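Read off the chains here:
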Amino acid sequence: MSLVEKIREELKSVYDPELGINVVDLGLIYNIEVTEDNDVTVTMTLTTPGCPLHDSISSGVQYCVEGVEETNNVFVHTVWEPAWSPDKMTDEGKRLLGR
Amino acid sequence: MPPQSLSSETNIKLPFSFIFFSFIALVCSQILLLSNGQFMTSGTFRIPALWSAAHLIILGWALMTAMGAMYQLVPVAFLTKIWNETFGFIQFFVTAIGILTFAGTLYWAPQDAFIPGALTLIGILMFIVQMLMTLRKQAKPNILTAFVGTGLVCLLVTISIGITLIYCLSTGKGTEYYQPLFKTHLLMGITGWFTLLIFGLSYKMVPMFSLSHGFPMVQARYVYGIYISGLIITIISIFSGNDLLLKLGFLLLFIGFTTFSWHVSIIIKKRLKKKLDKPFSFALSAIGFGNLIHFVAFVMLFTNHFSGLIGPLIYTYLFLWIILSILGYLYKIVPFLWWTHKYSQEIGKKAVPSLKQMTNEKVITILLSLFILSVLIVFCALSLKIAILFNIGQVMFSVTFISIALNTLNVLRK
């Protein structure tokens, strides 16, 4: 399993506390980049701009990735373009929302 | 995809201070209402104890809760940080002392209520300054800004008229304007400030809590235009004594509210979250009650039965629309604030509870259902002037309301 895949799997333990669905299945994680030095940059979004859980969820992603053994420096960037939309959710995410 | 920070978290001690205070005011107001129920059933609303109880519940509970909620929600809805948090804490203490002393003097010495009233006014003015300065920082004002901004202006007008009423009362001056000023005070406070505030913030919270996407927002402009027109025409009719204008004003208020209900139903139909949380569902049901009360008020006015029902209608509007909305959202806001305080540094490191796990939805459903039932009993008692029914409803209401307060605070044990 590559480090990117490993990080993505670990991020499934970070839940949006309002929806009770993890950030991966919600489609909040746009990109995970790993350099040769194992510095990690996670590009993510939230379901709505100004989400009151903004800092908590992005910090959660940061702590989670920092907890993966092989990673070095971790950077989390929250972006609003492209905006989150329901089609970014996985099938499991949709199922958990009752769709 | 350049990173953009739209983080806007507020120091949770600020909204919590308001919410804690509001629960204390709530308990005091219920004790006063219970001990003076005989006056309400006889239709005698303007006595010192009921003034005190009414202001404790409207200013001490509803306004302080709304202020606390706004300190939390305005940054969320308008994507901007609170202008000055230290100023916010000072505003809290000024307003809290003002409301407590104001309610006290209304009870013991209404003629001396001017200075405590002025202190409350200063606290509320500080809040308005805080919010207007915060809204000014908003990058792109939108229709939500119009609702909340106009709501704040209505609040300013409400308290200014309130102070004028106390001045009239204590000096005996301007008695010919007392009635129209009093009616405008009620109208601007209840349908102006609170309704516009709930409309505005609902446009952020309804999509957020139902995870709705791809809904139109054009209807919000119609809601704003029609409802504001209704408010203005009603105020003109109050001062001119024109009955036809009053009916037109009430009709526009009803149409504006109905348009809002229709728009919210469109948003809800576009939701991704199939099963809505119970507290949020109750906040939505409050919209239905508000709409129904607007309809009944218009019909009663049209059939010349309004004056006999005005007290009970204002009572139900206050509790089944405004306060039920606030309670529904409070059950979302308090767990969020506590979760942020307790778990925001734990998420990602270990398993943390979801917000839903911090409350007991079954208990909330029972309590809010009892709340609605008790308000309806009191409404019937007030309408039919049945003292025993009032006492039953009011005891049930007070016990339920205090239980809701304790149940909300129970989140702090999680």
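Values in this document were obtained by computation on a predicted structure and should not be read as measured data.

**Overview of the overall build of chain A**
Okay, so step 1: Looking only at helices and strands, one finds three helices and five strands in chain A.
Okay, so step 2: Radius of gyration (C-alpha) of chain A: 13 Å, near the 13 Å computed for a compact globule of 99 residues.
Okay, so step 3: C-alpha atoms of chain A, sized along the principal axes, occupy 40 × 30 × 20 Å.
Okay, so step 4: When the 99 residues of chain A are sorted by exposure, 54% land in the buried category.
Okay, so step 5: Split by element, the accessible area of chain A, about 4,400 Å² in all, is 43% carbon and sulfur.

**Digging into a nonpolar patch on the surface**
Residue and element names in this part refer to chain B.
Okay, so step 1: A cluster of nonpolar residues, Leu384, Ile386, Ile388 and Ile392, forms a patch on the protein surface that exposes about 390 Å² of accessible area.
Okay, so step 2: Here Ile388 is to be found in helix H13 (residues 387-409).
Okay, so step 3: Taking relative accessible area as the criterion, Ile388 reaches 59% and is therefore assigned exposed.

**Brief notes about the interface of chain A and chain B**
Okay, so step 1: In this complex, chain A contributes 33 residues to the contact, which on the side of chain B involves 34 residues.
Okay, so step 2: When the buried surface of chain A facing chain B is broken down by residue, Glu18, Pro52 and Tyr63 of chain A rank first, second and third, together holding 22% of it.
Okay, so step 3: Applying the counting criterion to the chain A and chain B interface returns two salt bridges.
Okay, so step 4: A salt bridge links Lys273 of chain B to Glu18 of chain A; the nearest nitrogen and oxygen atoms lie 3.5 Å apart.
Okay, so step 5: On inspection of chain A and its partner chain B, the count reaches six residue pairs in polar contact (both at pLDDT 80 or more).
Okay, so step 6: Elements with a minimum of two residues in the side of chain A that touches chain B: helix H2 (54-66) and strand S5 (74-78) of chain A.
Okay, so step 7: The element contributing the most residues to the side of chain A that touches chain B is H2 of chain A, with eight residues.
Okay, so step 8: Among the residues forming the side of chain A that touches chain B, the class breakdown is 18 nonpolar, 11 polar and four charged.

**Structural notes on empty space enclosed by the protein**
Okay, so step 1: Evaluation of the coordinates by the stated rule reveals three cavities of 30 Å³ or more.
Okay, so step 2: The volume enclosed by the largest cavity comes to roughly 170 Å³.
Okay, so step 3: Considering the residues around the largest cavity, the lining is formed by 16 residues, among which Ala69, Leu201, Met205, Ile326 and Tyr329 of chain B are closest to the centre.
Okay, so step 4: Considering only residue class, the lining of the largest cavity consists of 13 nonpolar, three polar and no charged.
Okay, so step 5: Shared between two domains, the lining of the largest cavity holds at least three residues of each, these being domain 1 (10-141) and domain 2 (305-337 + 354-414) of chain B.
Okay, so step 6: What the second largest cavity holds in volume is close to 90 Å³.
Okay, so step 7: Lining the second largest cavity are Pro17 and Glu18 of chain A together with Asp277, Pro279, Tyr331, Lys332, Pro335, Leu355, Lys356, Thr359 and Glu361 of chain B.
Okay, so step 8: With three residues, helix H11 (residues 306-343) of chain B is the single largest residue contributor to the lining of the second largest cavity.
Okay, so step 9: When its residues are assigned to classes, the lining of the second largest cavity shows five nonpolar, one polar and five charged.

**Quick look at the side chain of Thr95 of chain B**
Okay, so step 1: By the element assignment, Thr95 of chain B lies in helix H4 (residues 85-108).
Okay, so step 2: When residues no more than four places from it in sequence are discounted, the contact partners of Thr95 of chain B are Met64, Met67, Gly123 and Ile124 of chain B.

**Thoughts on unusual backbone geometry**
Okay, so step 1: For the bond running from Glu81 of chain A to Pro82 of chain A, omega is -5°, close enough to zero to count as cis.
Okay, so step 2: Among the secondary structure elements, Pro82 of chain A is positioned in the loop between S5 and helix H3 (91-96).
Okay, so step 3: Unusually for a residue other than glycine, Asn304 of chain B sits at a positive phi of about 60°.
Okay, so step 4: Secondary-structure assignment places Asn304 of chain B in the loop between helix H10 (278-302) and H11.
Okay, so step 5: Relative accessible area serves as the criterion here: at 59%, Asn304 of chain B is assigned to the exposed category.
Okay, so step 6: A positive phi angle, close to 55°, is found at Lys385 of chain B, a residue other than glycine.
Okay, so step 7: Among the secondary structure elements, Lys385 of chain B is positioned in the loop between helix H12 (361-384) and H13.

**Re the packing of aromatic side chains**
Okay, so step 1: This structure, assessed with the given rule, holds 38 aromatic pairs over all chains.
Okay, so step 2: Consider the rings of Phe18 of chain B and Phe92 of chain B, whose centres lie 5.1 Å apart with planes at 70°: the pair is edge-to-face. Of the two residues, Phe18 of chain B sits in helix H1 (residues 13-35) while Phe92 of chain B sits in helix H4, which places them 74 residues apart along the sequence.
Okay, so step 3: Here Phe18 of chain B falls in the buried class, since its relative accessible area comes to 0%.
Okay, so step 4: Here Tyr178 of chain B and Phe182 of chain B contribute two aromatic rings whose centre-to-centre distance is 6.4 Å and whose plane-to-plane angle is 5°, an arrangement assigned as stacked. Taken together, the positions of Tyr178 of chain B and Phe182 of chain B, both in helix H7 (residues 178-210) and four residues apart, correspond to about one turn of that helix. Across the pair, Phe182 of chain B and Tyr178 of chain B agree in class, each one buried.
Okay, so step 5: In textbook terms, an aromatic cluster arises when at least three aromatic residues are bridged by ring pairs, as seen for Phe147, Phe199, Tyr203, Tyr224, Tyr227, Phe257, Phe260 and Trp321 of chain B.
Okay, so step 6: A cation over a ring is seen here: Lys247 of chain B above Phe302 of chain B, with NZ or CZ 5.5 Å from the ring centre.
Okay, so step 7: Across the ring face of Tyr63 of chain A, the terminal group of Lys349 of chain B is positioned such that the distance to the ring centre comes to 4.1 Å.

**Topic: the domain arrangement of chain B**
All names here are of chain B.
Okay, so step 1: Split by domain assignment, chain B resolves into domain 1 (10-141) and domain 2 (305-337 + 354-414).
Okay, so step 2: Across the contact, 23 residues belong to domain 1 and 26 residues belong to domain 2.
Okay, so step 3: Across the contact surface, domain 1 and domain 2 share zero salt bridges.
Okay, so step 4: At the boundary of domain 1 with domain 2, the tally comes to two residue pairs in polar contact (both at pLDDT 80 or more).
Okay, so step 5: Elements that contribute at least two residues to the side of domain 1 that touches domain 2 include exactly H1, helix H2 (37-41) and helix H3 (48-78).
Okay, so step 6: Among the elements that take part in the side of domain 1 that touches domain 2, H1 stands out by supplying 10 residues, more than any other.

Criteria and cut-off values
- Residues numbered from 1 in each chain as written.
- Chains lettered and ligands numbered in written order.
- Predicted model: local features only at pLDDT ≥ 70, side-chain atom pairs only at ≥ 80, totals over all residues.
- Heavy atoms only, no water.
- Helix = DSSP H or I, 4+ residues; strand = E, 2+ residues; numbered from the N terminus.
- Rg over C-alpha atoms; globule rule 2.2 N^0.38 Å.
- Buried < 20%, exposed > 50% of the residue type's maximum accessible area, 1.4 Å probe, protein only.
- Areas by Shrake-Rupley, 256 points an atom, 1.4 Å probe, with all protein chains shown as cover.
- Patch = residues over 30% accessible without salt bridge, like charges linked within 9 Å, V, L, I, M, F, W, Y side chains within 5 Å.
- Salt bridge = Lys/Arg side-chain N within 4 Å of Asp/Glu carboxyl O.
- Contact = heavy atoms within 4.5 Å.
- Buried area = accessible area lost by both parts, 1.4 Å probe.
- Polar contact = N/O pair within 3.5 Å; in protein donor to acceptor, adjacent residues only side chain to side chain.
- Nonpolar A, V, L, I, M, F, W, Y, C, P; charged D, E, K, R; others polar.
- 1 Å grid on protein atoms, 1.4 Å probe; cavity = no way out; pocket = protein on both sides within 12 Å on 5 of 7 lines; lining within 4 Å.
- Points joined across faces, edges and corners; volume = space filled by probe spheres on them.
- Domains from an automatic or database assignment.
- Phe/Tyr/Trp six-rings, centres within 6.5 Å; stacked < 30°, edge-to-face > 60°.
- Lys NZ or Arg CZ within 6 Å of the ring centre and 35° of its normal.

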